[in-house]
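Read off the chains here:
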Amino acid sequence: MQNGIAFHKVTGLLMKAYHHIIKWKWLNSNFLLVEKCRNLLVYLVCNSRELHASFGNLNPDKVFYVIRDPHRMAGLFAVHALVVGHIRTAIERGMIPIVDMQHYPNYYYNDKETIGRINWWEYCFLQPFPYTLEEVYHSRNVVLCHGMYDGQLSEILDADKILQSHSLVSKYIKLCPEAEKICEEEWSRIRGGSRRILGVKCRGTDYVGLKLFGHAIMPSIQMTIEKIEEMKRIWEEEIGEYNAIFVATEDENILQGLKEHFKEELVFNDYSRFKNTGSTGLFDVINKGHGAQYKYEKMMDYLATTYCLSKCDALIAPMVNGTLGALRMKGGYEKVYIFQLGNYQ
């Protein structure tokens with residue numbers, strides 16, 4: 001018994017079996033029936049509930065808290081938001097958090113060559129503490145989190161909560177060396193010296209095409225341009241000139257619209273973007289016919305773009321997880337405007 005929690009060897013054996021089975025290549029074949037069988041297995045084993053397990057005899061004096069996402073598939077900064085919330089939970093409960101994005105199907109690594117084999121979280125970030133999944137899954141006291149997202153986008157509007165999360169992110173969610181190298185090189189190119197930059201986050205593609213229930217309504221290109229002009233004029237009168245406008249977007253149409261208006265004043269990452277995805281989900285577009293290397297590149301594009309956004313001096317953005325991620329990485333911009341246009345119904 002640790003911290004009032006009973007740890008079960010039977011649950012540990014069940015999860016070990018699951019970790020073995022989830023690697024079976026046929027189980028991760030790209031067929032609808034097989035996918036449904038796999039999802040059923042994940043549901044039966046995990047079922048979005050907290051599990052207490054004993055996997056072996058290592059670290060008898062420690063309690064590990066495994067952060068996982070067993071019940072849904074989410075993008076990088078939706079997962080980042082989930083991890084932030086569960087690290088907070090683990091620390092408050094006196095446990096050691098570790099992130100497992102290896103044993104559950106996800107948007108970035110969801111095929112027979114990667115599920116159960118690659119912890120994609122470690123392609124972007126270091127583990128919060130210097131322990132490996134291998135060691136944790138041979139340890140005596142392990143809590144597997146329920147995987148539910150225990151955070152809210154409303155934090156975007158709460159400067160005090162952002163600062164609290166920033167402190168946690170700065171301490172426990174550090175970029176891994178390769179990701180840091182990619183992000184720093186990209187920011188060095190965008191920054192172009194010591195100029196002050198106004199950052200703008202824009203979401204289009206499936207956000208606009210699908211209009212998913214409960215998701216924030218995105219501003220039009222024209223509305224975004226008008227707001228940039230308005231806030232830039234007001235802020236520059238208060239605190240001085242912005243020498244460039246950085247746009248973070250996955251949507252080629254949005255980028256072209258802003259380029260036509262702001263010309264050389266606009267700076268952006270030189271990545272391929274998407275357009276006219278219609279009613280198809282963005283990750284369905286990314287996954288269709290593309291292998292792990294392409295998905296890795298798209299993930300790193302998103303990470304580097306958000307990193308650059310977090311380095312800007314001011315921010316104009318909608319209520320999306322990429323905005324929350326940038327705010328948590330930054331801690332506080334000198335000026336912020338958040339679009340609040342309601343949610344899709």
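Every chain is numbered on its own, with residues counted from 1 as its sequence reads. Note on the predicted model: pLDDT of at least 70 is required for a residue's local features to be given, and 80 or more for side-chain atom pairs to be given and counted; whole-chain, interface and lining totals, by contrast, use all residues. Each side-chain value is worked out from all heavy atoms of the structure, with water and hydrogens disregarded.

Chemist: What am I meant to see in the packing of aromatic side chains here?
Modeler: Aromatic ring pairs are described here by two measures, namely the spacing of the ring centres and the angle between the planes. In this analysis, rings of Phe, Tyr and Trp, with Trp reduced to its six-membered ring, are considered paired at centre separations within 6.5 Å, and the interplanar angle assigns stacked below 30 degrees, edge-to-face beyond 60, and tilted for intermediate values. The full count for this structure, using the stated rule, is ten aromatic pairs. When the ring of Phe64 is compared with that of Tyr131, the centres are 5.0 Å apart and the planes differ by 75°; the resulting orientation is edge-to-face. Residue Phe64 is found in strand 2 (residues 64-67), and its partner Tyr131 is found in the loop between helix 4 (121-124) and helix 5 (133-136); the two are separated by 67 residues along the sequence. Here Phe64 and Tyr131 have matching classes, each one buried. Between Tyr337 and Phe339 the ring centres are 5.3 Å apart and the planes differ by 90°, which places this aromatic pair in the edge-to-face class. Take Phe339: its relative accessible area is 4%, and that puts it in the buried class. Strands are runs of DSSP state E lasting at least 2 residues, helices are runs of H or I lasting at least 4, and numbering of each runs from the N terminus. Here the term buried applies to any residue with accessible area under 20% of the maximum for its type, exposed to any over 50%, and partly exposed to those in between, with areas from a 1.4 Å probe on protein chains only.

Chemist: Whenever I open this one, helix 9 (residues 221-239) confuses me. Can you help?
Modeler: Within an α-helix, residues lying three or four positions from one another point in the same direction, as the helix has 3.6 residues per turn. When the terminal C-alpha atoms of helix 9 are compared, their 26 Å separation across 19 residues agrees well with the 27 Å that a helix rising 1.5 Å per residue should span. If you check which residues of helix 9 are buried, you get Thr224, Ile225, Lys227, Ile228, Met231, Lys232 and Trp235. The arc enclosing the buried residues of helix 9, seen along the axis, measures out at 160°, which places them on a common side. Summarising the contacts, the buried residues of helix 9 are in contact with strand 5 (197-202), strand 6 (244-249), helix 10 (252-262), strand 8 (314-317) and strand 9 (335-338). Multiplying 1.5 Å by the helix residue count minus one yields the expected span of that helix. What the arc describes is the spread of directions from the helix axis to the C-beta atoms. Every residue pair with non-hydrogen atoms within 4.5 Å of one another is taken to be in contact.

Chemist: Would you take a moment to explain the side chain of Thr249 for this structure?
Modeler: Checked against the element boundaries, Thr249 lands in strand 6. At 3.1 Å, the side chain of Thr249 forms a polar contact with the backbone oxygen of Cys202. Each polar contact in these results corresponds to two N or O atoms within 3.5 Å; when the atoms are within protein, one needs to be able to donate a hydrogen and the other to accept it, and residues that are neighboring in sequence are counted only if both atoms are side-chain atoms. Engagement of the side chain of Thr249 in a polar contact is seen with the backbone nitrogen of Asp251, the distance being 3.1 Å.

Chemist: Would you explain helix 13 (residues 321-330) in this entry?
Modeler: Counting buried residues in helix 13 gives eight out of ten residues, a clear majority hidden from the surface. Inspection of helix 13 places Gly322, Thr323, Leu324, Gly325, Ala326, Leu327, Arg328 and Met329 among the buried residues, and these make up the whole buried set. In this fold, the buried residues of helix 13 make contact with helix 3 (76-92), helix 6 (159-172), strand 5, helix 12 (292-311), strand 8 and strand 9.

Chemist: It is not clear to me how the pattern of salt bridges should be interpreted in this structure. Could you clarify?
Modeler: A side chain with one charge may pair with a side chain of the opposite charge, provided their charged atoms come close. One speaks of a salt bridge when a side-chain nitrogen belonging to Lys or Arg is within 4 Å of a carboxyl oxygen belonging to Asp or Glu. Throughout the structure, instances matching the rule amount to twelve salt bridges. Of the charged contacts, one joins Glu186 and Arg189 as a salt bridge, the two residues approaching to 2.7 Å between their closest N and O atoms. Pair noted here: Glu186 and Arg189 are both in helix 7 (residues 177-191), with a separation of three residues, about one helical turn. Under the relative-accessibility criterion, Glu186 is labelled buried at 12%. Residue Lys335 is joined to Glu238 by a salt bridge in which the shortest nitrogen-to-oxygen separation is 2.6 Å. Taken as a pair, Lys335 in strand 9 and Glu238 in helix 9 lie far apart in primary sequence, 97 residues in all. With relative accessibility at 48%, the residue Glu238 sits in the partly exposed group. Through salt bridges with shared partners, one network takes in Lys232, Glu236 and Glu265.

Chemist: Quick question: what am I supposed to make of unusual backbone geometry here?
Modeler: For residues other than glycine, phi is negative in most cases, and the peptide bonds are mostly trans. Positive phi, close to 50°, is recorded for Asn59, a residue that is not glycine. Assignment of secondary structure puts Asn59 in the loop between strand 1 (51-53) and strand 2. A residue is classified by how much of its surface remains accessible, and Asn59, at 15% relative accessible area, is buried. Here the phi dihedral of Lys263 falls at roughly 55°; this positive angle occurs in a residue that is not glycine. Among the secondary structure elements, Lys263 is positioned in the loop between helix 10 and strand 7 (266-267).

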